[in-house]
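What follows is the residue order along each chain.
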Amino acid sequence: MTLKATLTAHRDFVIAPVDRRLFGTFVEHLGRCVYGGIYEPGHITADEHGFRQDVLDLTKELGVTLVRYPGGNFLSGYNWEDGVGPKDQRPVRLDLAWASTETNQFGTNEFITWCRKTDVEPMFAVNLGTRGPDSARHFLEYCNHPGGTHYSELRKSHGFEQPHNIKFWCLGNEMDGPWQICAKTAHEYGRIAQETAKVMRWVDSDLVLAACGSSQRAMPTYAAWEYEVLDTCFDQVDFISLHAYFRNDADDLPEFFAEIDNIEHYIKEITAVADAVAAKRRSKKRIMLSFDEWNVWYRTHHPECIKKPGWPEAPELLEEIYNFEDALVVGGVLIVMLNNADRVKVACLAQLVNVIGAIFTETGGPAWRQTIFHPFADASRAGHGEVLRLGIDTSTFTTKMHGDVPHLLASAIRNPETGTVTLLALNRGEEAMDLSFDLSGMGAGYRIGSAAELHHPDRKAVNSKANPEAVAPAPHASARIDGPAFSARLKPLSWNVFTLDMVA
């Protein structure tokens, strides 16, 4: 049997422009994400700063636009002062979040230098676990104030004459989670977020601030947490955070694929909560959504993968090895986020390297692309312009937990400057699919600029040191345009990217 799906769109029916910060990722002091990941002095590719050039190059290829730092659970016990100044004077600390020893050889200034070399925007976070507004204002002064004060001059003495000018800040991390160092109730967190935001804006009025939402949609305080937090700090913040990890513990592919659709519900629910807080105030302000942690994560969710005995330095933790079906789920989530571009403005794939990462390294050895690398890179390349409101007619499949869900997920992005339309299409069916796209609403003729697919006959296939390109994009053979009609046959279980260029 061959599945069928049809798409319709009009160039004037736009959901929203794509915010390029949607293609962010996350670097935490956890396992080998920093040490042995982005930073490894002595590695054959290391530069004068100790940054692995192979990882840096792959980060650029991935299309990362924003990186959240330094955590994560690590954040709630972190003293930012430990990670600045001469390295031989930095203290070695116990990291309670991951039962590790933190050497602090990599910190704020190293990360900023890495961001500048990688051409990504830094997204910093302040510790609202063991610390609070006083530490946050001093950290911001160190990073952003031009000079003439204690902390700005301290930065200069560390070799950074110009301010770092970090504009996006997260107010803590997962503060509702009992696993968090100094977890808080919604009331406690709302108040400290409100006061921290207030004093940070007094130091630098040109900031974008994100408050912590629920750690996951399954939290018992879900939605009530968001409402109380925003009801307290609504006037001081711009974003509420969302965290989502996708699991396939039962090895049930239809149920795993349907996890993607939960993101749509999550977005709509938190949007409704945020707008309810605005309605209470009769306010036109709209709180935007930041998915500042999201990824597939289930195989390394066990205690022995999260903590190792003996307080080791940079142990191998949360080193998920991603297969082909994981890549399909990552692609599907990106489609959902793009199709909600009016409210989802920031997202951070967690994490960048080694720790549930799109990039994997061998300490002292090579680096390679995990399977999930490819849909992320495709979406980042495509994500320039406006997301169109697609009409989708597709068949569905039935799941036990999620009911009927569509075989096809798709997003179309049109660049208004060039007229180019990029179509991202995920076939979740185990049969081939004949896809047609009516281009008559685009107002011009089109030709196929490029066409690629990510497919593998073994849905458990992985990339490895021995075979780093086992799962990799390939040219799409069946795409064609006949007048205003685009058509393609999508392979079963496939991620597809089509670039349609306007004919002059």
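Residues numbered from 1 in each chain as written. Predicted model: local features only at pLDDT ≥ 70, side-chain atom pairs only at ≥ 80, totals over all residues. Heavy atoms only, no water.

A.B. asks: Looking at this structure, how should I read a nonpolar patch on the surface?
C.D. replies: Residues Leu94, Leu96 and Trp311 make up a contiguous nonpolar surface patch of about 310 Å² in total accessible area. As for its placement among the helices and strands, Trp311 is situated in the loop between helix H8 (303-306) and helix H9 (324-338). Looking at Trp311, the relative accessible area reads 36%, which means it is partly exposed. (Patch = residues over 30% accessible without salt bridge, like charges linked within 9 Å, V, L, I, M, F, W, Y side chains within 5 Å. Areas by Shrake-Rupley, 256 points an atom, 1.4 Å probe, with all protein chains shown as cover. Salt bridge = Lys/Arg side-chain N within 4 Å of Asp/Glu carboxyl O. Helix = DSSP H or I, 4+ residues; strand = E, 2+ residues; numbered from the N terminus. Buried < 20%, exposed > 50% of the residue type's maximum accessible area, 1.4 Å probe, protein only.)

A.B. asks: Explain the sheet that holds strand S23 (residues 474-475) to me, please; I cannot follow it from the model alone.
C.D. replies: For sheets, the rule is that strands pair by backbone hydrogen bonds, running either parallel or antiparallel. Sheet architecture is open: seven strands sit in the order S2-S15-S19-S20-S26-S22-S23, paired in antiparallel fashion. Strands at the two margins of the open sheet, each flanked by one partner only, are strand S2 (14-17) and S23. Inspection of the sheet shows strand S22 (residues 446-454) paired to S23 by two bridges, in the antiparallel sense. In the sheet register, Ala452 faces S23, and the bridge partner there is Pro475. (Pairing = 2+ DSSP bridges.)

A.B. asks: Which parts of the structure should I look at to understand the packing of aromatic side chains?
C.D. replies: Remark: the centre distance and the inter-plane angle together describe each pair of aromatic rings, the angle taken between the planes. Summed over all chains, the structure comprises 24 aromatic pairs. Where Phe51 meets Phe106, the ring centres are 6.4 Å apart and the plane angle is 65°; that geometry is what we call edge-to-face. In this pair, Phe51 sits in the loop between strand S3 (24-26) and helix H1 (53-62) while Phe106 sits in the loop between strand S6 (100-102) and helix H2 (108-118), placing the two residues 55 residues apart along the sequence. The exposure class assigned to Phe51 is buried, which follows from its relative accessible area of 1%. Above the face of the Phe234 ring, Lys285 is positioned so that its terminal group lies 5.1 Å from the ring centre. (Phe/Tyr/Trp six-rings, centres within 6.5 Å; stacked < 30°, edge-to-face > 60°. Lys NZ or Arg CZ within 6 Å of the ring centre and 35° of its normal.)

A.B. asks: What exactly am I supposed to notice about the nonpolar core here?
C.D. replies: The tendency in soluble globular proteins is for nonpolar side chains to be buried as a group. Trp114, Trp169, Leu171, Tyr189, Phe291 and Trp294 are the most contacted members of the largest nonpolar core, which has 142 residues in total. If one sorts the elements of this core by residue count, helix H7 (residues 253-281) sits on top with 12 residues. Membership of the second largest hydrophobic core comes to 25 residues, among which are Ala410, Phe437, Met442 and Ala488. (Core = buried A, V, L, I, M, F, W, Y, C linked by side-chain atoms within 4.5 Å.)

A.B. asks: In this structure, what is going on with the layout of surface pockets? I would like to understand it.
C.D. replies: One way to see where empty space is left: roll a probe the size of a water molecule over the atoms. The computed volume of the largest pocket comes to approximately 730 Å³. Taken together, 31 residues form the lining of the largest pocket, with Ser215, Gln216, Tyr245, Trp297 and His301 sitting closest to its centre. Contributing elements (two or more residues each) for the lining of the largest pocket: strand S10 (239-246) and H7. Broken down by class, the residue content of the lining of the largest pocket amounts to 16 nonpolar, eight polar and seven charged. A volume near 230 Å³ is recorded for the second largest pocket. In this structure, the second largest pocket is lined by 13 residues; those nearest its centre are Glu264, Asn339, Ile392, Pro406 and Leu409. Elements with a minimum of two residues in the lining of the second largest pocket: H7, H9, strand S16 (391-394) and strand S19 (408-414). Class assignment for the residues of the lining of the second largest pocket results in seven nonpolar, three polar and three charged. (1 Å grid on protein atoms, 1.4 Å probe; cavity = no way out; pocket = protein on both sides within 12 Å on 5 of 7 lines; lining within 4 Å. Points joined across faces, edges and corners; volume = space filled by probe spheres on them. Nonpolar A, V, L, I, M, F, W, Y, C, P; charged D, E, K, R; others polar.)

A.B. asks: Hey, could you run me through the packing of helix H6 (residues 224-233) against H7 in this one?
C.D. replies: Packed helices, taken two at a time, are described by the angle between their axes plus the distance between the axes. Close contact between H6 and H7 brings their axes to 9 Å; oriented N to C, the two are set at 35°. In the crossing of H6 with H7, the sense of the turn from one axis to the other is right-handed. Counted together, Glu226, Tyr227, Leu230, Asp231 and Thr232 of H6 and Ile270, Val273, Ala274, Ala276, Val277, Lys280 and Arg281 of H7 form the full contact between these two elements. By residue class, the composition of the contact of H6 with H7 is seven nonpolar, one polar and four charged. (Axes fitted to C-alpha atoms, helices over the stretch in contact; angles between N-to-C directions. Left-handed = near helix turned anticlockwise from the far one by under 90°. Contact = heavy atoms within 4.5 Å.)

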